[in-house]
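Residues per chain are reported as follows:
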Amino acid sequence: MRRFAPGIIAMEGVTIFFPCYELIVSRKQRDRILGEIRAWNEKKGGDSESDSGTSRSHAGSSRTNELYTIKALEKCLSEDSHALLRFAAVKEFSGENIIFLNYVRDWKATWARINAKNPEYDWHRDPQYHRLYFFKIAVEIYSACVNLKTAEFPINVESRIYSGLTTMFGEAVQCSGRRVSRGAATHMEEDTRALCLDENPYVSQSIMQIKSRVPDSVVVPSNFGISVFDEAEKSILALVFTNTWPKFIDSSSDDLSITF
């Protein structure tokens, strides 16, 4: 029996080491994100304090409360949502919500950049096929995050919103030949693992970097536009704000020393 002792000790060491390592990494990520949010709130609080003449202690309390606001959540999502995604995936089992918000964020931001560079661009004539390209990526988002038949972990949106997105993208999903959920979202799952398991914590993951499997022959609906995900995005943002975000802040506040 003694000859097995080193192996048992090694197994116990691995069992203890990796959870501790993941906790340290997660804390560092939360510390960095909350530090950025705190700096943003301090700047805002400083401007408000100069106008109102409130005391420093009152301003500090106000800034603490601001961590729980929708603006703080939006800042986290817009700048670095890695720690929030990890928390949602591991603690809340709702990482698909953050992934969906990230995908829509990147998709809309890329569309907006084209508008900013060329305000006169005719999206309906679309000689450069930008509209087709954005539609194909939108189909990928719908397939990976929304569709109940193709998404591994579909987001939970109201039936009205789901029906509208299905009407918009359902036919295109069929054109791409996806029928089985696990096979359909393979490369999306790779993105999810890379984000949630810290396989590549410092490289931004963007939905715009994938190669869509939707054929170029797909018909783009005439009412397709940049606002197609707005209602779903608003619904999921509200869900994250009420359920996940307060717990994320509470967990971070308990684990970290945050000075205001």
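Residues numbered from 1 in each chain as written. Predicted model: local features only at pLDDT ≥ 70, side-chain atom pairs only at ≥ 80, totals over all residues. Heavy atoms only, no water.

Per an unreviewed UniProt entry, the recorded name for the protein is dna, SC003, and the organism is Aspergillus oryzae.

(A) Here's a closer look at the confidence of the model for the protein. Looking at the protein as a whole, the pLDDT averages 75, with 61% of positions reaching at least 70. Highest mean pLDDT in the protein belongs to helix α7 (residues 159-175) (95); lowest belongs to helix α8 (residues 181-184) (40). In the model, residues 8-14 has pLDDT below 50 throughout and makes 1 contact with residues more than four positions away in sequence or in other chains. In this model, residues 180-204 is a region of pLDDT below 50 whose contacts with residues beyond four sequence positions or in other chains number 46 contacts. (pLDDT = per-residue confidence, 0-100. Helix = DSSP H or I, 4+ residues; strand = E, 2+ residues; numbered from the N terminus. Contact = heavy atoms within 4.5 Å.)

(B) Examining the packing of aromatic side chains more closely. With the rule as written, the count across this model stands at 18 aromatic pairs. Summarising the aromatic geometry, the rings of Y142 and F169 are spaced 5.6 Å apart at their centres and angled 35° between planes, so their arrangement reads as tilted. Here the residue Y142 occupies a position in helix α6 (residues 130-145), and F169 occupies one in helix α7, the gap between them amounting to 27 residues. When its relative accessible area of 0% is taken as the criterion, Y142 is described as buried. Exposure remark for F169: the relative accessible area of 0% places this residue in the buried category. (Phe/Tyr/Trp six-rings, centres within 6.5 Å; stacked < 30°, edge-to-face > 60°. Buried < 20%, exposed > 50% of the residue type's maximum accessible area, 1.4 Å probe, protein only.)

(C) Seen up close, unusual backbone geometry. Positioned with a positive phi, F93 is a non-glycine residue whose angle comes to about 55°. The phi dihedral of Y129 is positive, around 65°, even though this residue is not glycine. Relative to the helices and strands, Y129 is located in the loop between α5 (95-117) and α6.

(D) Representation of the pattern of salt bridges in the model. Enumeration over the complete set of coordinates arrives at 8 salt bridges. Linking R105 and D106 is a salt bridge whose minimum nitrogen-to-oxygen distance equals 2.9 Å. By relative accessible area, which is 23% here, R105 ends up partly exposed. Overall, the relative accessible area of 13% leaves D106 in the buried class. Between E233 and K108 there is a salt bridge whose closest N-O contact spans 3.0 Å. Of this pair, E233 sits in helix α10 (residues 230-255) while K108 sits in helix α5, and the two are 125 residues apart along the sequence. Residues joined by salt bridges that share partners form a network here, namely K108, D230 and E233. (Salt bridge = Lys/Arg side-chain N within 4 Å of Asp/Glu carboxyl O.)

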